[in-house]
2 protein chains.
Amino acid sequence: MSDIAPDRFIDNVFAYQKTAAVKAAIEIDLFSAIGADADTVEMLAAKVNASPRGVRILCDYLTVQELLIKDGKRYRLTPSSSVFLDKRSPACMGSVIDFLAAPELMQLFLENPAAYVRNGGSVGLANLAPDHPIWVKFARAMVPFMAPVAQGIATEVARWPSPPRKVLDVAAGHGVFGIAIGKAVPGARIVGLDWRPVLEVALENARLAGLEKRYDTIAGSAFDVEWSTGYDLVLIPNFLHHFDREGCVGLLERARRALVPGGAALVVEMVPNDDRVSPPFPAAFAFVMLATTPKGDAWTAQELQEMGRAAGFVDSMLRPLPPSPQTMIVFR
Amino acid sequence: MSDIAPDRFIDNVFAYQKTAAVKAAIEIDLFSAIGADADTVEMLAAKVNASPRGVRILCDYLTVQELLIKDGKRYRLTPSSSVFLDKRSPACMGSVIDFLAAPELMQLFLENPAAYVRNGGSVGLANLAPDHPIWVKFARAMVPFMAPVAQGIATEVARWPSPPRKVLDVAAGHGVFGIAIGKAVPGARIVGLDWRPVLEVALENARLAGLEKRYDTIAGSAFDVEWSTGYDLVLIPNFLHHFDREGCVGLLERARRALVPGGAALVVEMVPNDDRVSPPFPAAFAFVMLATTPKGDAWTAQELQEMGRAAGFVDSMLRPLPPSPQTMIVFR
C-alpha cells in the first residue's frame, strides 16, 4: 500500500461485507465445525450442510480477515477464534450477532446515514414497545459479551470492606451484572429492574446461577417506576450512554436517593479519552449512539464525574476493565 | 489488545457501521468541507447543514477509522482523503459509494448471508432487467475507481509495436477502458458493447473525451448479440469474474473469433494468488461474487491461463497494475 491510496476508504465502503461473512459463519456454525477437526472444504461442506463453493469462498474470506488460518488446503481456527467463536468454548460469544448485527439494528445505521448526522440523532429503537422481541434478543445475545466484565466487577465489589447486602440492577436486561455480584457476595439480595418481558431473561439467568431465592424484580421503565430504597449498591450498567446529560443526571439522582448512607452507585460505560478519538472502541461507540438514540453518547470521564457531582455524589472512582473496552465508575 | 481477544471478531460484527459513516460523510460532502478549511465542529455543521452533534460524532468516528486527523478541536484530511475524497481533487472517488454501498447491493449481502453460503451463490443482480437504473448508477459511480486502471492499460497498449486500430470493449459500462485506449492511440476506432441504457453513459464519456466520431456501439448482452469481427483488440474488463469457467471460456472464444490474426484479448480482473487468501483485496473479492452472482469468482492466474488455452489462445501474459488491486492478462 503506498502512502497515498484509496485502500482505507474502500475498506470502509466494503466493510458491511465483513459483517455479512461473520454472520453467515456463525449461523452455519462454521467455527465449531473447524474446531471439531473438519478442516477441508469438502469435510466442512458436509458437516455444516452447505455448498463446497460457498464454504471455500467464506473460509478464504475469513482467512483474509484473520479469523481463520489457511495451511495449504486446510483451515484452522486462530487462538482467538477458538476461544470466542467455537460453541464448545465457555467464552464463546458468537451469539452477539443476534443483536449487534440484527436486521433491525443494521437498518437503523444503513437506511439513511446522512439523516441522523444532519438531525444529530435518531428515534432509534426507542419507538419500539417494551414487549418488542428485540429487547429479549438483546438480553440473551449479550450475555457472553458482558459476563466477563460483570465477573471482574463482582470480584472487585466482593473485596470491598463492607460488601453490599442489597443491590439494585437498573435496566438489568440479561441480569448478569447483578447476578455476578449475587454469586460473589454470599447472602446479598439482588433486585433487577427492567421491562417485564426482559426480566424473564434475568430471572432465567438468576435461576441458572442458583440465585432465585435472592433475586427480586421491579417491572417498568427506570424513568417511571419506583426504585424503592435501602440499597447498598445501585448498578447502572451500560445504560447512561443512551441519554443526554440531563437524563444521566436524573438517573444518578434517583440512584443516590435509593441508597443507604455510605452506599454506592456503580456505572459501567464505554469511556473515551478527552480527545474522543481514543481508545478506538469506546470512541467509535459514540457513533452507535448517534445512529440509534436521540441524544446518547460515549461520555468521557470528566463528563461522568461532573454528572455525578450534579446528582449530589461527592466522590467518584474510575477503573478501566481490561481486556474489555469498558470502564467502571463508582460514585459515593 | 492481548493475543487472545474478541476484538477482531467484534470489529467484523460492527463493520457495517463503517460503511454507514463513510456513506453519511460523502452524502453530506464532509470531506470537501474540511478540505475547504472548515475545521471545527461549528464551522463544519454550518457548512454542510448538519447538527453539530452529528458532525462531531461523525468526525471523531472517521478519525478513529484514520480517514481524518484530529488536532485538539480541529479536524483535517489525511493525505489520502485529500486526494480521494475531496470533490475538488481530480482523483476524487467518493461517488463509488453510489454503487458499492447501494441499498440494493448491501441487501444482497446482509439479508440472508447464510443462504448464499449454503447455496454456493445467489441470483444476485442478474434478475434485474437490463434497463434497471442500478446499471447506469454502476456505470457512473465506478468511473473514478476505474479511470486510473484504464489509463495504465492504455499507456501500455499505445506502446505495443502495432497499436490496435479497431477495439471492442465488451460490457463496456462507463466505457473508460476503451475510451482511454482511444485517447492514447490516435485514430483507433472503439466499439462499446453493453445494454442500451448503459451505453448512454459510455457515449457521454466518449463525447467528454472528444472521441464521439471514433466511438461506435453494439447494444445487447455480450452472450447473445453479434460482436462482429476484424478487431485488433478485444477488451474484457472486470467481466469474467461474474461467470463460471464455462461462461468465461465461452466469452474468450467469442473474443478470439472476433479478432484479426495477431490480435489480442485483454482481460482485466481481480487475481488472487494460488492460495486464494492473498493479496487481501483480490482474495476477498471472491466473497463479493459469492453474494452477488450465481457462479462467479476471483480467478487465479493459473485458472485464467487455462481458460485462455481452452478458448484457443496460445499465449498469455499477466501484469499486475499497482497501485490498483487489478491485474491485466493479454491473450494471443
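Residues numbered from 1 in each chain as written. Chains lettered and ligands numbered in written order. Predicted model: local features only at pLDDT ≥ 70, side-chain atom pairs only at ≥ 80, totals over all residues. Heavy atoms only, no water.

*Asks:* In this structure, what is going on with the interface of chain B and chain A? I would like to understand it.
*Replies:* Many structure descriptions define interface size as the accessible area lost when the parts assemble. Of the residues lining the interface, 82 residues belong to chain B; the matching set on chain A comes to 82 residues. Applying the counting rule to chain B against chain A returns four salt bridges. Across the pair Glu 66 of chain B and Arg 8 of chain A runs a salt bridge, and its minimum N-O distance is 3.6 Å. Taken together, chain B and chain A are joined by 26 residue pairs in polar contact (both at pLDDT 80 or more). Of all the secondary structure elements, the ones that give two or more residues to the side of chain B that touches chain A are α1 (7–13), α2 (16–27), α5 (52–64), α6 (79–84), α7 (97–100), α8 (103–110), α9 (113–119) and α15 (280–292) of chain B. Grouping the amino acids of the side of chain B that touches chain A by side-chain chemistry returns 51 nonpolar, 16 polar and 15 charged. (Contact = heavy atoms within 4.5 Å. Salt bridge = Lys/Arg side-chain N within 4 Å of Asp/Glu carboxyl O. Polar contact = N/O pair within 3.5 Å; in protein donor to acceptor, adjacent residues only side chain to side chain. Helix = DSSP H or I, 4+ residues; strand = E, 2+ residues; numbered from the N terminus. Nonpolar A, V, L, I, M, F, W, Y, C, P; charged D, E, K, R; others polar.)

*Asks:* Would you mind going over the packing of helix α14 (residues 245–258) of chain B against helix α16 (residues 301–310) of chain B with me for this structure?
*Replies:* When two helices pack together, their arrangement is given by the angle between the helix axes and the distance between those axes. Residues and elements named next belong to chain B. Put simply, α14 and α16 touch, their axes get as near as 8 Å, and they point 50° apart. Accordingly, the angle class assigned to the pair α14 and α16 is oblique. Along this stretch, α14 crosses α16, giving a crossing that reads as right-handed. Where α14 approaches α16, its residues Arg 245, Cys 248, Val 249, Leu 252 and Glu 253 are matched on the opposing element by Glu 306, Met 307, Gly 308 and Ala 310. Residue classes in the contact of α14 with α16 are distributed as five nonpolar, one polar and three charged. (Axes fitted to C-alpha atoms, helices over the stretch in contact; angles between N-to-C directions. Parallel < 35°, antiparallel > 145°, perpendicular 65-115°, else oblique. Left-handed = near helix turned anticlockwise from the far one by under 90°.)

*Asks:* Help me understand the sheet that holds strand β7 (residues 259–269) of chain A in this model?
*Replies:* Working definition: the strands of a sheet are paired by backbone hydrogen bonds and lie parallel or antiparallel to each other. Residue and element names in this part refer to chain A. Strand order in the open sheet made by the seven strands is β5-β4-β3-β6-β7-β9-β8, with mixed pairing throughout. Every other strand in the sheet has two partners, leaving β5 (215–219) and β8 (316–320) as the edge strands with one partner each. Taking the axes of each pair of neighbouring strands and ignoring which way they run, one obtains an average angle of 20° across the sheet. The sheet contact formed by strand β3 (residues 166–170) and strand β4 (residues 189–194) spans five bridges and is parallel. Looking across to β4, one finds that Lys 166 is bridged to Arg 189. Set on the sheet, helix α13 (residues 196–208) makes contact with β4 and β5; between it and β5 the angle comes to about 175°. (Pairing = 2+ DSSP bridges.)

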